[in-house]
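Take a look at the letters that make up each chain.
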2 protein chains.
Amino acid sequence: MIKPHTLSGFMENLPAPQMQMERMMDILRRTYSLYGFTPLDTPVIEDAQILLAKGGGETEKQIYRFTKGDSDLALRFDLTVPLAKYVALHYGELSFPFRRYQIGKVYRGERAQRGRFREFYQADIDIIGDGQLDILNEAEIPSIIYKTFTDMGLKRFQIQVNNRKILTGFYELLGLGQLSGDVMRIVDKLDKIGAEKVRASLIDELAVSPQAADEILRFIAIRGSNQEVLAALESYRGKNQTFDQGLEELSVVVKYLAAFGVPEEAFAVNLTIARGLDYYTGTVYETFLLDHPEIGSICSGGRYDNLAEYYTNKKLPGVGISIGLTRLFYVLGEQKYLNPALNTSPADVLILPMTEDLSAAIGFATALRNTGIRAQIYGEQRKFKAKMTYANKLGVPFVVILGEDELQNGVYAVKNMSTGEQTSLPQAEAVALIAATVQAGQNIPVILDT
Amino acid sequence: MIKPHTLSGFMENLPAPQMQMERMMDILRRTYSLYGFTPLDTPVIEDAQILLAKGGGETEKQIYRFTKGDSDLALRFDLTVPLAKYVALHYGELSFPFRRYQIGKVYRGERAQRGRFREFYQADIDIIGDGQLDILNEAEIPSIIYKTFTDMGLKRFQIQVNNRKILTGFYELLGLGQLSGDVMRIVDKLDKIGAEKVRASLIDELAVSPQAADEILRFIAIRGSNQEVLAALESYRGKNQTFDQGLEELSVVVKYLAAFGVPEEAFAVNLTIARGLDYYTGTVYETFLLDHPEIGSICSGGRYDNLAEYYTNKKLPGVGISIGLTRLFYVLGEQKYLNPALNTSPADVLILPMTEDLSAAIGFATALRNTGIRAQIYGEQRKFKAKMTYANKLGVPFVVILGEDELQNGVYAVKNMSTGEQTSLPQAEAVALIAATVQAGQNIPVILDT
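The structure displayed is predicted, hence computed values, not measured ones.

> Describe the interface of chain A and chain B, with residues and values.
Each partner contributes to the interface: chain A provides 101 residues, whereas chain B provides 101 residues. At the boundary of chain A with chain B, total buried surface from both sides reaches about 8500 Å², with 58% on carbon and sulfur atoms. The tally of links between chain A and chain B comes to eight salt bridges. Among the ionic pairs, Lys-85 of chain A bridges to Glu-12 of chain B, the shortest N-O distance being 2.7 Å. Our enumeration of links across chain A and chain B arrives at 42 residue pairs in polar contact (both at pLDDT 80 or more). Looking at the side of chain A that touches chain B, the element that brings in the most residues is helix α1 (residues 15-34) of chain A, giving seven residues. Along the lines of polarity and charge, the residues of the side of chain A that touches chain B split into 51 nonpolar, 24 polar and 26 charged.

Take a look at the structure:
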């Protein structure tokens, strides 16, 4: 006999939290679909050569790679590389812009530690253009994220946006075009190390002039409402083409985000956000819980120019965003954001037959199920008390008792488990009573954010 | 640059067929939930020792096994072993009977051939008891399968049931108790090799007496309606306890299946069905497409006595059934069962803005999405013809054109892409028109079985 265990770094939920996770996935699927994204599913295993085409860095170290027969295989470590392969491979059969969502598990053999997962879900959306892609898409992506989190019940979060062209153009203005990547890497530490140390690093490590360093600090200190930030940026206009284009794009994104119904407080221009330095080329996004900035971004992405450069000569610009779902779910649990009022029971009704023949219980369960109510028949020969204990442990909202009396009178004894109230009703009325409560329960959000 | 490719034996669908696959998964999730099963999700990677606890045979050869650091890891090859581990590991935190469904990918490094997959979805339901489990569950399981396939649109299929105790008891009666496993293995070939060769094999390979062989052939030749088969089995009653118990159970299952609303033609007692010889102990199931018996069973399972014997001393009897979803989907496609009338477009509406400012298009898209209609805005600066070509390629049911005229008159030009009809309507009426068609489309089954 082997002691049962689950590998560390692998999430395996008990039924109740798994139900919360499923609710989050349902919302993701529904919202992503409402915006015209098609669901994709690609293999978890790919040819290692495909996944490592870009190569280098942490990816190579963390990837799960193995051979089977003669094949050099690996588990996907994100959903972007498989998307790039998919689009390059099926290019001729797809219509562009190509909008896809994918919710799937990815694998990274990171050092195991609390809250870090080796197997985790990503929930990605991307819009891929063929040669070109309109700026509208860069505004729509964060509006989808706004809708997704809002539907889950999250309230106090903010999507922060920036535009890489503004940064690139600004550093070119200062004569730091070659250094812009390094500068952004240091600026990215602003929140952690403070302005003074950023200034010192710029001067000491990169030999930036004190004047330019001050200029950079002034720039990234620009704060205020989105309109105020855009107005402040206007003072740099006309000096660098890339900057001007970035400012144009950012203004359009801000304007359309409002048109998409995203309220002002839910998105903010933040000039310190840069994201992956060699990949993103336009709008970039990060998303923060306002009350838990220490968690870091819960949803990030941006605009890129060349999705599939390792697999095709076609220029395929795109914009996408990714939610690290497993980590988000874990964090929400830790921070007590998961709503205890959400019904996580596997059934809405537990039917307790008190007679030997179960046909009447079966008939009633079928009637409930046909109305969309989740019903379970408790068929075990146990004492009434044991049956009620089971109902309580499952957390079912309703128990329906079906004894000889009920059968003879053609009624169903419906017990509301939260109020304790019990009433005997004919079938149609019993179903209607339960249906009303079940329907009301569907509006209870999975996240409780007050 | 690397030539993009997907490993052979791994399904990777284009968007339209993937949409059909998603519809099948939606139905599985919904139906399984209606019967009170809780969704579970377990890791794809487990400790190899856990997965190979039972060991031996094809499993060892086909399993994807590899090391990462010091860990001996493997990919799950089914969802039953992970369930056994889960129940043993979390025993104290679960309520029994424990009903779970799981739809997930499993891995088997089989020889690659057409229609065989190395990565494939299984969609499993199981009910696990603690020490005991009522016979009701053995009737409910096939009723769920009936509902699932019916909701998908499948009509001409049959769930065939048998009871292992009947077989075991019958062979004991003939003094072949020790040989029953071998006898069943030969009898299982009846459809393939015919009665004569089965008889010869029994006599030659197992040294069964000619009288006993004839008795076996007579037994497995029992045919007719379920009541007729049960009546024929009555003639053996009273001679063997195991047989009698099996007959009792089968009679109850047949009775309750009818109570669950499964029509007589959709399930049949078939005495030749045995299933995995050392695992199942009671009711067993196989499911066949009536017009394609050559495909074999598309959904199988049964009652077992000891789910987790390799991980715990607890006796955990259960009953379960599994759909090999990827293979089923492949077969349905091959046999032209997938319904071309199902809308597989990523959106219900494509909005074509003809003005530079896209705010009105965004507002209309938002109104549609708030009503549950999947909408996409085509924001690219292309000629009208190119936009319509895109709409046609996507297969969207509706296009809405928003030009200067429409904006000025406060109307939306709604074009029904299947009829070609175009009408200009105010927003509320446009949304209502589209919503009606979308709603009607949701009743179109994914499988067309005439």
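> Could you give an account of the pairing of strand β12 (residues 349-353) of chain B, naming the residues involved and the relevant values?
All names here are of chain B. Within β12, five of the five residues are buried, which leaves the element mostly enclosed by the surrounding structure. In β12, alternate side chains face the same way, and those of Val-349, Ile-351 and Pro-353 on one face and Leu-350 and Leu-352 on the other are all buried. Relative to strand β13 (residues 375-377), β12 is paired through three bridges, and the arrangement is parallel. The partner of Ile-351 across the bridge, within β13, is Ile-377. In this fold, the crossover linking β12 to β13 by way of helix α14 (residues 359-370) has right-handed handedness. The pairing of β12 with strand β14 (residues 398-402) spans five bridges and is classified as parallel. Its bridge partner lying in β14, Val-349 is registered against Phe-398.

> Provide a residue-level description of the relation of the copies chain A and chain B, including the pertinent values.
Between chain A and chain B, which share one sequence, the superposing operator has a rotation angle of 180° and an axial displacement of 0.0 Å; the RMSD is 0.0 Å. A rotation of that kind, with that shift, is consistent with a two-fold axis. In terms of proximity to the rotation axis, the leading residue of chain A is Phe-66 of chain A, whose C-alpha is 3.0 Å off the axis. An overlap of 100% is found between the interface residues of chain A and their copies at the interface of chain B, pointing to a shared contact surface.

So, how was this worked out
- Sequence order as written defines residue numbering, which begins from 1 separately in each chain.
- Both sets of labels track the order of writing: A upward for chains, 1 upward for ligands.
- It should be noted that, the model being predicted, local features are given only for residues of pLDDT at least 70 and side-chain atom pairs only at 80 or more, the latter also being counted only at that level, while totals for whole chains, interfaces and linings use all residues.
- The basis for every side-chain value is the complete set of non-hydrogen atoms in the structure, without hydrogens or water.
- Whether two residues touch is decided by their heavy atoms; if any such pair falls within 4.5 Å, the residues are in contact.
- Using a 1.4 Å probe, buried area is obtained as the accessible area two parts lose upon being combined, added over both of them.
- Salt bridge criterion: a side-chain nitrogen from Lys or Arg within 4 Å of a carboxyl oxygen from Asp or Glu.
- Here a polar contact is taken to be a pair of N or O atoms separated by no more than 3.5 Å, where protein atoms must pair a possible hydrogen donor with a possible acceptor and residues adjacent in sequence count only if both atoms sit in side chains.
- Every helix listed is a DSSP run of H or I at least four residues long, and every strand listed is a run of E at least two residues long, numbered separately from the N terminus.
- Three residue categories are used. Nonpolar comprises Ala, Val, Leu, Ile, Met, Phe, Trp, Tyr, Cys and Pro, charged comprises Asp, Glu, Lys and Arg, and polar comprises the others, including Gly.
- Throughout this description, buried means an accessible area under 20% of the type-specific maximum (1.4 Å probe, protein chains only), exposed means over 50%, and partly exposed covers the range between.
- Here, a strand pair is defined by DSSP locating no fewer than two bridges between the strands.
- Viewed with both strands pointing away, a crossover whose connecting path from the first strand over the helix to the second turns clockwise is right-handed.
- Here the copies were fitted onto each other by least squares, based on C-alpha atoms from residues at pLDDT of at least 70 in both.

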